[in-house]
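Chain by chain, the residues:
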Amino acid sequence: MTAENKRMGIVVSGSSNKGVEVRLDADTSVEDMVVGRYVTIEGQKRRFFGMITEVLLGVTDLNLTQTPPDTNDPFIAEVLAGTGTFGTLQVMPYLTIGGDIDSAVEGPQPVKTVPSHYSAVKLADDRDIELVFGKEDKERFWIGNPLDMETKLCLNLPELVKRSNGIFGKSGTGKTFLTRMLLIGMLQKSACVNLVFDMHSEYGWAGTSEKGRSVKALKQLFPSKVAVFTLDEENSRNRGVSTDFVVKIGYNEIEPEDMSLLRQTLNLTDAAVEAIYQMRRKFGNEWFIRTSELDDSEETKKLLNRLNIHESTFQNLQRGLNTIKRLPFIQQKTEQNAVHRVIEYLNRGMNVVLEFGRYTDITAYILVANLLTRRIYSQYRDKTEKAMSGAGESPVPLVITIEEAHKFLNHDIAEKTIFGTIAREMRKYNVTLLVIDQRPSGIDEEIMSQMGTKISCLLDNERDMDSVLSGVSGKSELKSVLAKLSAKQQALIFGHAVPMPVAFQPREYGSAESYKSFSDTVNDSEQAKKDIEDLW
Amino acid sequence: MDTEEIQRVGEVIRSATSGFTAQCYELDRFPHLGGLVKTKNIGAQIYGIVFNATTGGIDPGRKPLARGKDEVSEEALYKSSPQISKLLKSEFEALVVGYKEDNKVFQYLPPQPAPIHSFVYLCPTQEVIEFSRSFEFLYTLLNSAVTLPHEELIAAVLRNMSLVQEDKHAFLVSAGKHLATILSGDFNRLRTILERIRQ
Ligand SMILES: Nc1ncnc2c1ncn2[C@@H]1O[C@H](COP(=O)(O)OP(=O)(O)O)[C@@H](O)[C@H]1O
Ligand SMILES: [Mg+2]
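Predicted model only: the values in this text are computed from it and were never measured. (Residues numbered from 1 in each chain as written. Chains lettered and ligands numbered in written order. Predicted model: local features only at pLDDT ≥ 70, side-chain atom pairs only at ≥ 80, totals over all residues. Heavy atoms only, no water.)

1. Topic: the environment of S73(B)
Residue and element names in this part refer to chain B. Among the secondary structure elements, S73 is positioned in the loop between β4 (44-57) and α2 (74-80). Between the C-alpha atom of S73 and that of A114, which follows or precedes it by 41 residues, the distance is 40 Å. At a separation of 3.2 Å, a polar atom in the side chain of S73 contacts the main-chain amide nitrogen of A76. (Helix = DSSP H or I, 4+ residues; strand = E, 2+ residues; numbered from the N terminus. Polar contact = N/O pair within 3.5 Å; in protein donor to acceptor, adjacent residues only side chain to side chain.)

In structure tokens form, the structure reads like this:
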């Protein structure tokens, strides 16, 4: 048990909107007070849990600022500290953590009032934090420590994955490291499976840290739970990755809907997108290859005429199709259907990481992510609907991780894409998203507001901060916290899965101890433990 | 001599709710300015703070005259004119700052004044410590009608009381803090007192 923290001061004024003002006791040094720290307030009927949002200095008599006393006299200074001169805090109460019936029965409750005058204020201790953020257990995963605190910050993962979530931050702030850690948590504790579209090949097998050091990734740590699929066999082989499946996509697997999402990256005109659907009606399944192989002949001209497709539109379309055709993993024929394989793995409870190897081009990424997701989603939908009508089991909940999310979810296309649909419908069909982005202002506002929980590292752009925080209460206080995060390995988490916003330092990732700590955590998988032991 | 004899410093000769005047048993043997004294009431002890000491003729019409021109010392003077100590008296005034009843100390005015002719004692160390656990009496002192500056009197009281405390410095600081709250809008008065009690 930790020792009770000492009283620091008392509430002297406040409002339920703006929080309360706390007058510090004489023996509490203002300099020990840090914005972002957690405090508890002993109200008459309830205990409140809040955060310091501002630290200020005050005097009772203006003479003290106009003719300051002899500061060399320690006696006078000591007498004045906390009486004539004093520190005050602005504190935002977020929760009640006991005292009233609701919070005793249901745990911490959102605050609807303010503590009464002269309620005592203390720094929150480990037990308070634990009460609010829970203890590591079968469902709660340790993601880091609240800033300046030793206490573990734990996240209820089954709760988290009930909705789509986002991880944001400018480049180099730690999004990838954070995501990797969350994925580990999810595969241990969330009772869901993951499908990761791994643009830079850093989640499945070794990723690199900034110092060029390589860090272990999911399959190395949990080989029995993770499969690595690749689009670039050669690259994976050269990197020594043990892959489970090489993904190829056949021409006839590409549908017009897969193309419309590529409008922006392929510079297709509206007319060209329209033409795709016409070609599909004309050529059926073969539309892709047949359209791309149409030559300059009279016949083609006649066809275009008949379909009322303009010459320049056709050229625009063909250029687009050829860009795709040049992607080496797009082939005439495929031996095995990638969608089936992914689903087969997911059904077995295996997490699938699809690495893109050298094909980090956004066109390849959007095409593949969209194509696979659309098909997997439709299978999930069918299965879920069947299960709801009593036929068969519902599928294991699935979390799909995508990077560069604004390319899928920007305002112009969010309406039309599968990702927009998933983000909006909150796990109706057992599928949710984990989106990663460095430019959240590029994501459709409505989609942003639908996200359950957001984790944001430092953002340098005002618009990005506004977009991440839009619709959150206490936005201006949080914005100042967000803006003060350090450039690396610090983040703010808020939303559905946490009882209140917290600035925290994500768990260290990359050292031998850190790998070990992931297997040491309370988890139900003996196998995972064995995996790690084999590694060491 | 028993202990009570040592502590007894006089006898009440004028009494009021807010204060009393006591005559000393020996000429010029006053308790200190700012000292804590007590006197008995029925069932209660009344505490006072010594603030004004005087010695003069018993007969207000006869003023003392200088007599020692040819004497070698003050003792010699009293020896050659033994009658003068009978013609003079020493008195001090005390401001009532609280009382004790059923073993509880109250730092506000008692319901009854001290009876005339009650004996006045100097409070022993333990009792000073007990009384000075609270600083409410400082408020009474600050608002009293006394013939000397309040700052001077309060400083004297605190210096006296600090002598018997285990942690003298901590005592003075916490008294200072209490004054700082009472005088929160008047830093200059506060400073005057603080400068008289710092070591
Ligand atoms: N939790 C962490 N543990 C250890 N190092 C970290 C952590 N978070 C960030 N870093 C360091 O910061 C660098 C950038 O992180 P990264 O996740 O690649 O940023 P982003 O994906 O946002 O561009 C990493 O290479 C690593 O050195
Ligand atoms: Mg990254």
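2. What to know about the packing of aromatic side chains
Residues and elements named next belong to chain A. Across all of its chains, the model carries 21 aromatic pairs over all chains by this definition. Ring geometry for W287 versus F288: centroids 5.6 Å apart, planes at 75°, classification edge-to-face. Residue class for W287 comes out buried when judged on its relative accessible area of 0%. Aromatic pair Y509 and F518: ring centres 5.6 Å apart, planes at 45°, arrangement tilted. Each member of the pair, Y509 together with F518, is buried. (Phe/Tyr/Trp six-rings, centres within 6.5 Å; stacked < 30°, edge-to-face > 60°. Buried < 20%, exposed > 50% of the residue type's maximum accessible area, 1.4 Å probe, protein only.)

3. Focus: the interface of chain B and chain A
Many descriptions give the size of an interface as the accessible area lost when the pieces come together. Between chain B and chain A, the contact holds 17 residues from the first and 16 residues from the second. For the pair chain B and chain A, the summed buried surface comes to about 1300 Å²; carbon and sulfur atoms form 67% of the total. Looking at the side of chain B facing chain A, the largest losses of area belong to K177(B), F187(B) and R198(B), adding up to 41% of the total buried there. There are one salt bridge connecting chain B and chain A. A salt bridge links R198(B) to D73(A); the nearest nitrogen and oxygen atoms lie 2.1 Å apart. Breaking the side of chain B that touches chain A down by element, the ones donating at least two residues are α7 (168-182) and α8 (187-197) of chain B. Among the elements that line the side of chain B that touches chain A, the one with the most residues is α8(B), at seven residues. (Contact = heavy atoms within 4.5 Å. Buried area = accessible area lost by both parts, 1.4 Å probe. Salt bridge = Lys/Arg side-chain N within 4 Å of Asp/Glu carboxyl O.)

4. A word on the side chain of N351(A)
All names here are of chain A. Mapping N351 onto the fold places it in strand β18 (residues 351-355). Within the structure, the side chain of N351 is placed 2.8 Å from the backbone nitrogen of N194, a separation counted as a polar contact. Ignoring anything within four residues of it in the chain, the contact list for N351 reads L187, C192, V193, N194, K225, V226 and A227.

5. Description of the pattern of salt bridges
Tallying each qualifying case throughout the model produces 30 salt bridges over all chains. One salt bridge connects E136(A) with K152(A), and the closest N-O pair in it is separated by 3.0 Å. With a gap of 16 residues between them, E136(A) in the loop between α4 (126-133) and β8 (140-146) and K152(A) in the loop between β8 and β9 (153-156) connect regions that are remote in the sequence. Accessibility expressed as a relative area gives 36% for K152(A), which makes it partly exposed. Across the pair E91(B) and K89(B) runs a salt bridge, and its minimum N-O distance is 2.7 Å. Residue K89(B) is classed as partly exposed on the basis of its relative accessible area, which comes to 23%. The network of salt bridges with shared partners includes E255(A), E257(A), D258(A), R374(A) and R375(A).

6. Topic: a positive patch on the surface
Taken together, K282(A), R290(A), K302(A) and R306(A) make up a surface patch of like positive charges. Mapped onto the fold, R306(A) is located in helix α13 (residues 298-307). (Patch = residues over 30% accessible without salt bridge, like charges linked within 9 Å, V, L, I, M, F, W, Y side chains within 5 Å. Areas by Shrake-Rupley, 256 points an atom, 1.4 Å probe, with all protein chains shown as cover. Lys, Arg positive; Asp, Glu negative; His and termini not counted. Charge placed at Lys NZ, Arg CZ, Asp CG, Glu CD.)

7. Description of the sheet that holds β8(A)
Residues and elements named next belong to chain A. The strand order across the open sheet formed by 12 strands is β9-β8-β23-β22-β21-β10-β20-β19-β11-β18-β14-β15, and the pairing between neighbours is mixed. Single-partner strands in this sheet number two, and they are β9 and β15 (245-246). Inspection of the sheet shows β8 paired to β9 by four bridges, in the antiparallel sense. Residue pairing for β9: R140 is matched across the bridge by N156. Packing against the sheet, helix α6 (residues 175-189) makes contact with β8, β9, β10 (165-168), β11 (193-198), β14 (226-230), β18, β19 (398-402), β20 (431-437), β21 (453-456), β22 (491-495) and β23 (502-506), and its axis sits at approximately 150° to β8. (Pairing = 2+ DSSP bridges. Axes fitted to C-alpha atoms, helices over the stretch in contact; angles between N-to-C directions.)

8. A few points about the domain arrangement of chain A
Domain annotation for chain A reports domain 1 (7-124), domain 2 (156-248 + 335-535) and domain 3 (251-325). The straight-line distance from the C-alpha centre of domain 1 of chain A to that of domain 3 of chain A is 67 Å. (Domains from an automatic or database assignment.)

9. A short note on the confidence of the model for chain B
A low pLDDT means the predicted coordinates there should not be read in detail. Residues and elements named next belong to chain B. Confidence in the prediction for chain B averages 90 pLDDT; 97% of positions are at 70 or higher. The low-confidence segment residues 1-5 (pLDDT under 50) makes one contact with residues lying over four places distant or belonging to another chain. Model confidence for the complex: the whole-complex pTM is 0.75, and ipTM, which rates the interface, is 0.82. (pLDDT = per-residue confidence, 0-100.)

10. Examining the nonpolar core
Counting residues in each nonpolar core, the largest one holds 145 residues, and the members touching the most others are F197(A) and M259(A). With 12 residues, the top contributor of residues to this core is helix α16 (residues 362-388) of chain A. Among residues more than four places away in sequence, those in contact with M259(A) are I254(A), L266(A), L268(A), I276(A), W287(A), L321(A) and I324(A). Judged by nonpolar contacts, the second largest core, of 39 residues, contains F75(A), V157(B), L183(B) and I193(B). (Core = buried A, V, L, I, M, F, W, Y, C linked by side-chain atoms within 4.5 Å.)

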